[in-house]
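# Notes for the structure review
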Amino acid sequence: MMATKTKKPKKPRYLVLKTLSDQKTAYYYEPPKDAIAANIVERQALGVDWERATARAIELNERIDEWRKHEKGNPHLREQVPEFSVKKLCSDYLESNNFQRLKNNTKRDYRKKIKEIEELPIGKNSLPLGQVDIRQIMPSNADKIYSLLKIGKKGQLRVTHANGIMRILRLMFNLAKKWYDLPQNPFENPALQRQKRRTVSWEDDQLEKFCETALSMNLPSIYRAAMIARETGLRVTDVRTLKWSNIQDDFIEVLMSKTDKTVWVPISPKLKEVLGVHRGNSDDYVLKTDGKNLPYTETRISQIFAKVRREAGLPADLQMRDFRGTMLNELADAGVTEDELMAISGHMHRETLKHYVHPRKNRSSEAFAKLEKRRSSMETPQIMDDTNS
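This text gives an overview of the structure that appears in the document. (Residues numbered from 1 in each chain as written. Predicted model: local features only at pLDDT ≥ 70, side-chain atom pairs only at ≥ 80, totals over all residues. Heavy atoms only, no water.)

### Re the overall build of the protein
Counting its secondary structure elements, the protein contains 16 helices and seven strands. Within the protein, buried positions represent 38% of all 389 residues. Taking as baseline every contact in the protein between residues at least 6 positions apart, the subset at least 24 positions apart corresponds to 56%. Accessible area of the protein: about 24,900 Å², with a carbon and sulfur share of 50%. (Helix = DSSP H or I, 4+ residues; strand = E, 2+ residues; numbered from the N terminus. Buried < 20%, exposed > 50% of the residue type's maximum accessible area, 1.4 Å probe, protein only. Contact = heavy atoms within 4.5 Å. Areas by Shrake-Rupley, 256 points an atom, 1.4 Å probe, with all protein chains shown as cover.)

Structural data, given as structure tokens:
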């Protein structure tokens with residue numbers, strides 16, 4: 001009698017399969033965002049065992065089903081969003097074409113900032129800004145909101161972050177004038193504080209110490225991340241999402257996440273040596289999270305980078321993003337033109353490039369040295385003697 005073949009059970013909802021670098025299949029639970037926001041379930045790694053993963057996914061799905069059933073049968077549990085509230089404006093904006101046509105990484109950044117807008121406590125009663133009627137917000141209120149945004153939870157000043165949120169508020173309230181006939185935009189002309197341009201650069205000995213520490217901590221991916229960022233000047237986002245298929249013999253081909261512009265960055269001999277040690281398959285990420293074929297998240301790579309920096313005893317103001325400015329300034333010092341710099345950095349506008357490349361005394365001296373060299377190479381005209389005329 002032939003044995004009956006056991007049929008593999010159907011994959012539960014929200015169970016995602018991913019192939020690891022060793023070709024094993026791992027299972028992850030990716031539930032809906034509203035269930036996560038309501039603290040019903042959370043994203044989880046469920047290991048490589050199919051039966052355990054499916055059992056756990058089914059258990060978590062039951063929680064979601066119970067929550068939805070309870071919510072559906074109890075309208076009082078549903079969140080009521082007033083028609084003219086800031087939260088309603090935020091919701092309408094997130095569903096609008098104005099938001100949908102943004103780049104994906106810009107969408108992620110805006111969502112985080114909009115959530116902060118909704119939850120920002122204001123007034124004596126610490127009422128969340130999301131519950132405030134947009135028709136009641138005056139320009140004087142906008143100034144107070146800006147003051148609150150500039151101070152972080154730990155008391156740190158964060159002007160750049162606050163400026164970004166104020167620009168989003170200005171954008172949304174401009175749309176509110178059209179959508180809800182709002183008579184004025186209280187965020188139209190906020191007196192934003194100018195933030196000094198960041199001028200932090202990495203010294204060669206600091207990079208060497210950081211890399212040595214990363215390797216001693218058994219973090220080869222962070223070592224490679226530092227070397228790639230330093231030798232290419234790429235943004236952190238583009239470094240962490242690099243795949244081996246992007247790396248050719250002499251160039252790294254990158255579709256810039258911020259501008260959707262393709263750039264080809266030459267690979268220096270120093271970087272070629274680093275990349276040649278542990279080259280992976282073309283579909284593998286160059287930087288793997290804990291050995292898995294998954295890219296680092298922005299938060300995770302920042303946390304580990306800071307941990308290595310502290311262990312190395314380096315200044316706290318040194319950040320991974322500073323490799324970009326360090327490289328671009330080094331190229332400018334070498335006499336590279338702005339057009340050539342933009343071909344490497346992927347910047348679309350010269351003004352944006354100036355945020356990274358700062359004026360330096362030696363460049364003006366070198367510019368005049370080039371002028372003098374050109375003048376001296378030109379033949380000096382003979383002055384005619386009047387007596388010979």
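### A closer look at the side chain of Arg230
Tracing the backbone through its elements, the reader meets Arg230 in helix 9 (residues 220-232). With a relative accessible area of 6%, Arg230 lands in the buried category. Sequence-distant contacts of Arg230, that is, excluding residues within four places in its chain, are made with Asp204, Leu207, Phe323, Thr326, Met327 and Glu330.

### Brief notes about helix 3 (residues 86-94)
Residues of helix 3 that are buried include every one of Val86, Lys88, Leu89, Cys90, Asp92 and Tyr93, and no others. Buried positions along helix 3 lie against helix 4 (97-100), helix 5 (104-119) and helix 7 (159-179).

### Focus: a negative patch on the surface
On the surface, a cluster of negative charge is made up of Glu203, Asp205, Glu208 and Glu212. For Glu208, the location among the structural elements is in helix 8 (residues 204-216). (Patch = residues over 30% accessible without salt bridge, like charges linked within 9 Å, V, L, I, M, F, W, Y side chains within 5 Å. Salt bridge = Lys/Arg side-chain N within 4 Å of Asp/Glu carboxyl O. Lys, Arg positive; Asp, Glu negative; His and termini not counted. Charge placed at Lys NZ, Arg CZ, Asp CG, Glu CD.)

### A short note on unusual backbone geometry
Positive phi values are uncommon outside glycine, yet Tyr14 reaches one of about 65°. Judged by relative accessible area, which is 25%, Tyr14 ranks as partly exposed. For Asp181, which is not a glycine, the phi torsion comes out positive at approximately 60°. In this structure, Asp181 sits in the loop between helix 7 and helix 8. On the accessibility criterion, Asp181 (66% relative accessible area) is exposed.

### Concerning helix 12 (residues 298-312)
In this model, helix 12 (15 residues) spans 21 Å end to end at C-alpha, consistent with the 21 Å of a helix rising 1.5 Å per residue. As for helix 12, its buried residues are in contact with helix 8, helix 9, helix 10 (236-240) and helix 13 (322-333). Positive backbone phi, at 75°, marks Gly313, one or two positions downstream of helix 12. (Expected span 1.5 Å × (residues − 1).)

### Things to note about the pattern of salt bridges
Going through the model one piece at a time under the given rule, you end up with 13 salt bridges. The shortest N-O distance in the salt bridge between Glu116 and Arg158 comes to 2.6 Å. On the criterion of sequence distance, the pair formed by Glu116 in helix 5 and Arg158 in the loop between helix 6 (139-149) and helix 7 is long-range, its members being 42 residues apart. The salt bridge partner of Asp133 is Arg135, with a shortest N-O separation of 2.7 Å.

### Let's talk about the packing of aromatic side chains
Counted according to the given criterion, the structure contains eleven aromatic pairs. Each ring, one from Trp202 and one from Phe305, has its centre 6.1 Å from the other, and the planes form 80°; the classification is edge-to-face. A residue pair is termed long-range when its members are at least 10 positions apart, and Trp202 in the loop between helix 7 and helix 8 and Phe305 in helix 12 qualify at 103 residues. Phe305 matches Trp202 in its accessibility class, with the two residues each being buried. Consider the rings of Trp202 and Phe323, whose centres lie 4.4 Å apart with planes at 25°: the pair is stacked. Pair noted here: Trp202 is in the loop between helix 7 and helix 8 and Phe323 is in helix 13, with a separation of 121 residues, a long-range link. (Phe/Tyr/Trp six-rings, centres within 6.5 Å; stacked < 30°, edge-to-face > 60°.)

### Regarding the packing of helix 5 against helix 7
Close contact between helix 5 and helix 7 brings their axes to 10 Å; oriented N to C, the two are set at 85°. When the axes of helix 5 and helix 7 are compared, the pair comes out roughly perpendicular. For the pair formed by helix 5 and helix 7, the contact residues are Tyr110, Lys113, Ile114, Glu116 and Ile117 on the first element and His161, Gly164, Ile165, Ile168, Leu169, Leu171 and Met172 on the second. Here the residues of the contact of helix 5 with helix 7 sort into eight nonpolar, two polar and two charged. (Axes fitted to C-alpha atoms, helices over the stretch in contact; angles between N-to-C directions. Parallel < 35°, antiparallel > 145°, perpendicular 65-115°, else oblique. Nonpolar A, V, L, I, M, F, W, Y, C, P; charged D, E, K, R; others polar.)

### Details of a positive patch on the surface
Judged by side-chain charge, Lys33, Arg108, Arg111 and Lys112 come together as a positively charged surface patch. With three residues, the top contributor of residues to the positive patch is helix 5.

### Description of the environment of Lys112
Summarising the element assignment, Lys112 is placed in helix 5. As a C-alpha pair, Lys112 and Ile165 span 53 residues in sequence and 9.8 Å in three-dimensional space.

### Some remarks on the sheet that holds strand 3 (residues 44-45)
Adjacent strands of a sheet form backbone hydrogen bonds with each other and so pair up, either parallel or antiparallel. Spatially, the three strands line up as an open sheet ordered 1-2-3, and their pairing is antiparallel. Each edge of the sheet is formed by a strand with only one pairing partner; in this case those strands are strand 1 (15-19) and strand 3. Bridge analysis of strand 1 against strand 2 (residues 25-29) gives five bridges, and the strand direction is antiparallel. For Lys18, the partnering residue across the bridge sits in strand 2 and is Ala26. (Pairing = 2+ DSSP bridges.)

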